[in-house]
Amino acid sequence: MGPGIILGLVVWGIVGAITGECVVHKAGAGVFPGLVAGVWAAWPFFHHGRVSRYNFLHPVPRRYKAALKQAFAKVRQIIDEKTYNYGDKWHVSTADTIQRRITATLKFTEEESQGFEGTNLANIRHKTQRVQRLLELDVQFKEEPSDTTVVQFDFRPRVEGVAWYACDSIIAGITNDAEAALGPGTDAGNPADTSLPAPPWWLLGVTGIAIFGLFNDVTTAVFK
């Protein structure tokens, strides 16, 4: 999403300046049209980033050549043996072979940078803050013929502060460890489609308002 934000700001500035200074010759008149143009430029990046994030937190189920009980035991072992920071471990709330489901939560705290503070160069120090992280895990198993099992992971992270990606390495580690323990798997579904859909109605509505306002400004500039 970062490139989308940068591109949106650039387009906002350029379109706003051209509209205000060259089209209607009125200071500030290009702010809203430029903002709408910036949203249009950034929207494809935001959509792609949002869908990619969903696919990361809810990866495609994988099919493994392993019996249900074997797959269940290996995933449970991975979760039980994982340790983070200074001994933070997963708390397993459900591990039921009948329901074919494992649910667990991981809570921990980290130091997050808050920049620098100080009244002079000699007094500048790095400021940090303790923030909390919570990661919820839901693993579901589906038994198939010929000792084959489909395993589906779902993650729900909640983080304090601005580091929204704070749990990403843990998520990647769990899925990679499962793949290593269960052997090479194959996708048992398709990821969410990242192709660009039709523009949302709110964006079309805001664009219509911007065009109408720009038309009025141009008309006023021409006939005044």
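Residues numbered from 1 in each chain as written. Predicted model: local features only at pLDDT ≥ 70, side-chain atom pairs only at ≥ 80, totals over all residues. Heavy atoms only, no water.

**What about the overall build of the protein chain?**
Thinking step 1. Assigned secondary structure in the protein chain consists of 5 helices and 8 strands.
Thinking step 2. Counting helices and strands in the order they occur from the N terminus, the protein chain gives α-α-β-α-β-β-β-β-β-β-α-β-α.
Thinking step 3. Within the protein chain, the fraction of its 224 residues that count as buried is 31%.
Thinking step 4. Within the structure as shown, the protein chain displays about 13,800 Å² of accessible surface, and the carbon and sulfur contribution to it stands at 60%. (Helix = DSSP H or I, 4+ residues; strand = E, 2+ residues; numbered from the N terminus. Buried < 20%, exposed > 50% of the residue type's maximum accessible area, 1.4 Å probe, protein only. Areas by Shrake-Rupley, 256 points an atom, 1.4 Å probe, with all protein chains shown as cover.)

**Re the side chain of Asp168**
Thinking step 1. Relative to the assigned elements, Asp168 resides in helix H4 (residues 168-182).
Thinking step 2. With relative accessibility at 18%, the residue Asp168 sits in the buried group.
Thinking step 3. Among residues more than four places away in sequence, those in contact with Asp168 are Arg53 and Phe56. (Contact = heavy atoms within 4.5 Å.)

**Here's the deal with the packing of aromatic side chains**
Thinking step 1. The full count for this structure, using the stated rule, is 4 aromatic pairs.
Thinking step 2. Taking the centre distance of 5.1 Å and the plane angle of 45° together, the rings of Phe72 and Phe141 count as tilted. Highlighted residues: Phe72 in helix H3 (residues 68-81) and Phe141 in strand E6 (residues 125-144), separated in sequence by 69 residues.
Thinking step 3. By relative accessible area, Phe72 is classed as buried at 7%.
Thinking step 4. For Phe141, a relative accessible area of 6% translates into the label buried.
Thinking step 5. Arranged with centres 6.1 Å apart and planes meeting at 5°, the rings of Phe153 and Phe155 form a pair that is stacked. Neither residue differs from the other here; Phe153 and Phe155 are each classed as buried. (Phe/Tyr/Trp six-rings, centres within 6.5 Å; stacked < 30°, edge-to-face > 60°.)

**Describing the pattern of salt bridges**
Thinking step 1. In the structure shown here, the tally under the stated rule is 11 salt bridges.
Thinking step 2. Put simply, Asp80 and Arg76 hold a salt bridge, and the shortest N to O gap is 2.9 Å. One end of the pair is Asp80 and the other is Arg76, both in helix H3 and 4 residues apart, which spans about a single turn.
Thinking step 3. Residue class for Asp80 comes out partly exposed when judged on its relative accessible area of 33%.
Thinking step 4. Note on Arg76: relative accessible area 28%, which makes it partly exposed.
Thinking step 5. Between Glu110 and Arg133 there is a salt bridge, with its nearest N and O atoms 3.1 Å apart. With a gap of 23 residues between them, Glu110 in strand E5 (residues 101-117) and Arg133 in strand E6 connect regions that are remote in the sequence.
Thinking step 6. On the accessibility criterion, Arg133 (4% relative accessible area) is buried.
Thinking step 7. A cluster of three or more residues bridged by salt bridges with shared partners is formed by Arg62, Glu179 and Asp187. (Salt bridge = Lys/Arg side-chain N within 4 Å of Asp/Glu carboxyl O.)

**Details of the packing of helix H2 (residues 31-57) against H4**
The description of two packed helices rests on the angle between their axes and on the distance between the axes.
Thinking step 1. Two elements in contact, H2 and H4, have axes whose closest approach is 10 Å; the angle formed by their N-to-C orientations is 50°. By the angle between their directions, the pair H2 and H4 is classed as oblique. Along its contact with H2, which presents Arg53, Phe56 and Leu57, the element H4 presents Asp168, Ile171 and Ala172. (Axes fitted to C-alpha atoms, helices over the stretch in contact; angles between N-to-C directions. Parallel < 35°, antiparallel > 145°, perpendicular 65-115°, else oblique.)

**Observations concerning a nonpolar patch on the surface**
Thinking step 1. A cluster of nonpolar side chains, namely Ile5, Leu7, Leu9, Trp12, Val31, Phe32, Leu35, Phe45, Phe46 and Ile209, defines an oily patch on the protein surface of about 850 Å² accessible area.
Thinking step 2. At the level of secondary structure, the elements contributing two or more residues to the nonpolar patch comprise helix H1 (2-23) and H2.
Thinking step 3. Per element, the largest residue contribution to the nonpolar patch is 5 residues, and it comes from H2.
Thinking step 4. Checked against the element boundaries, Leu35 lands in helix H2. (Patch = residues over 30% accessible without salt bridge, like charges linked within 9 Å, V, L, I, M, F, W, Y side chains within 5 Å.)

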